[in-house]
Each structure stands twice: as structure tokens, then as C-alpha cells.
Amino acid sequence: RFNEHSKELNQLIGHSNFSLIIRPENSTDSHSVYCRYRECTLGDLIADSIRDATKSEIAILNGGSVRNNMIKGNVTSGQVIDALPWYNNILAKKVTGQTLLDVLEFGVRNLPNSAGGFPQVSGITFDVNLGVKSPANADSDGMFLNVTGERRVSNVKVNGEDLILTRLYNISLDEYIGNGGDGYSMFTNLDVYYESMYTDTDSLMYYIKDYLKGEIPDEYKELQGRINIYNYSTSLPARYLMGFDNYKFSENVISYLTYIRLI
């Protein structure tokens, strides 16, 4: 069966001078996948491709959908499928700024623990203060209920501009979270105003091949500062300190770690 499809899987999509890593080499532990508890470079790329598929202002991707490293060199269709194997349809919906704020709050509620619903984003930047206990609440099935108390998410910007809670934003999602997957119930009752003709997997291929002209640019080599997480406790398990090649750590007097972006 592999020989049957080897030509299709070996189709050249593009090239990268660097690897986009989601987990340490040889690790199979889902809790070590960077995309499940922080921004990851491959998550940035995929979120951008989903956003481009519907020409939306923003996009959100659940980190658990990103499944494998993309190693430097030639990028083939098989490598793309390994990284994003789901072939989910891509939906565009309209959300208020308030709903978007709740989405982000809910998405980071499990930090510093990892979770498949951790959001990888495009067109959005925001801060997360782990010194604040998550105010996001879920029901017994893990579905979003509400947000009560002080928020840990702040400084939300959409394409560089402050989030406006009353404004409607166009958002691109795969059908999994668009239909309430990973507890994102706030999306389920929103109308779909556009559905891409391509799946998320196809869109990543076309984004690399056509939009990026076959060459993944250096901007994806490093984290882009879309999600700034701070006030990590020094008791954080060692696995959460792995993979921060583009960050340095400094310990302050109240025994928290702050990640400082290297310029």
C-alpha cells in the first residue's frame, strides 16, 4: 500500500533551510509537544495557512492537531501529512472581541500543564500571566461555561491594534474546534459565512507551495512573540523548560521565571 501511494507522498511541496520542531527528537510523549503549552514555530506556520485559506483577519488552531516535526530540507506532501494529518475542513465565522477574549482565556486555562486545546494563533498577539489562577470554567464534559474573576490573558491585539470587545472579527478555524472540539463551545452556535474548498492539510501544502513560493522564510525559524507567557513558577516540571532555544531565562526575587525575547 505504501508503494501504491509513494509517488503522491513524495510530491515536492517546497524547501526549508531549518527544521520546525514541535517536540524533542525521539520523544513520543504528548506532554512534551511544545504546541500544547506555548507558541511553536510550526503552529505559527499552520495557523497562517488556515488564516490565508479564508482570507480572515485572524485564525486559531488547537495545538494538539500539530503532530510531527517538519525537518529541514525538501518538504514533501508526506511530511505535511505527518505534521497535519486530519484533513479537517476550514470554516470562517464572525466573533465579537468579547468572545475572542473568552476563547483565549479558555484556551490557556490548563497552563502550565499541557493540553491539546492550547491555541496556536495568527493575526493575534496576547500576554498570559501565570501568576493569576485561570478564571475560565468548564462543565463536566470539558465544554466552556464562562469566565469569572481576574483574567490571566491581557494585552490582546489583532493585527497590531487593541482588541475591541464590541467589534466583530472574521476568524478562520478548522471544523474540529469550529464545532466545539477541545471544549470550544462558544463557536458552535456561530454561523459559517465561508467554507474553504481546501482542508487544513491541503491549505498548508498550497500555502507553502504557492503563497510562500516553495521556500519557508526565515521568519518561521524563531518564535514570533505571538503568545507571551510569564510568571512561570520555578517549580515548573523540567519538560516545560525544553525547546526554548530562542529564549533565555532569568529568575527574579519572587522566584518566578520570566521568558525574555532575544532581539
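Residues numbered from 1 in each chain as written. Predicted model: local features only at pLDDT ≥ 70, side-chain atom pairs only at ≥ 80, totals over all residues. Heavy atoms only, no water.

Chemist: Which residues make up the state of the cysteines, and what values do they have?
Modeler: By definition, a disulfide links the sulfur atoms of two cysteine residues through a covalent bond. In this structure the tally under the stated criterion is one disulfide. In this model cysteine 35 forms its disulfide with cysteine 40; the gap between the sulfur atoms is 2.1 Å. Since a negative S-S torsion denotes a left-handed disulfide, the cysteine 35-cysteine 40 link at about 105° is right-handed. A residue is classified by how much of its surface remains accessible, and cysteine 35, at 0% relative accessible area, is buried. Under the relative-accessibility criterion, cysteine 40 is labelled buried at 0%. (Disulfide = S-S within 2.5 Å. Buried < 20%, exposed > 50% of the residue type's maximum accessible area, 1.4 Å probe, protein only.)

Chemist: Explain the sheet that holds strand 12 (residues 192-199) to me, and be specific about the residues and the numbers.
Modeler: With mixed pairing, five strands are arranged side by side in an open sheet as 5-2-11-4-12. Here the strands that pair on one side only, and so sit at the sheet edges, are strand 5 (119-122) and strand 12. Between one strand axis and the next, the sheet turns by 25° as a mean value, whatever way the strands run. Of the pairings in the sheet, the one linking strand 4 (residues 89-96) to strand 12 comprises four bridges and is antiparallel in character. Paired with lysine 93 across the strands is valine 192, a residue of strand 12. Packed on one face of the sheet, helix 4 (residues 97-107) meets strand 2 (58-62), strand 4, strand 5 and strand 11 (168-174) and runs near 120° to strand 4. (Pairing = 2+ DSSP bridges. Helix = DSSP H or I, 4+ residues; strand = E, 2+ residues; numbered from the N terminus. Axes fitted to C-alpha atoms, helices over the stretch in contact; angles between N-to-C directions. Contact = heavy atoms within 4.5 Å.)

Chemist: For the pattern of salt bridges, give the residues involved together with the corresponding values.
Modeler: Summed over the entire model, instances satisfying the criterion amount to seven salt bridges. Between aspartate 48 and arginine 226 there is a salt bridge whose closest N-O contact spans 2.9 Å. You can see aspartate 48 sitting in helix 2 (residues 41-54) and its partner arginine 226 sitting in the loop between helix 6 (200-211) and strand 13 (227-233), a full 178 residues away along the chain. In this pair, the class of aspartate 48 matches that of arginine 226, namely buried. It is possible to trace a salt-bridge network through shared partners that takes in Asp44, Asp48 and Arg226. (Salt bridge = Lys/Arg side-chain N within 4 Å of Asp/Glu carboxyl O.)

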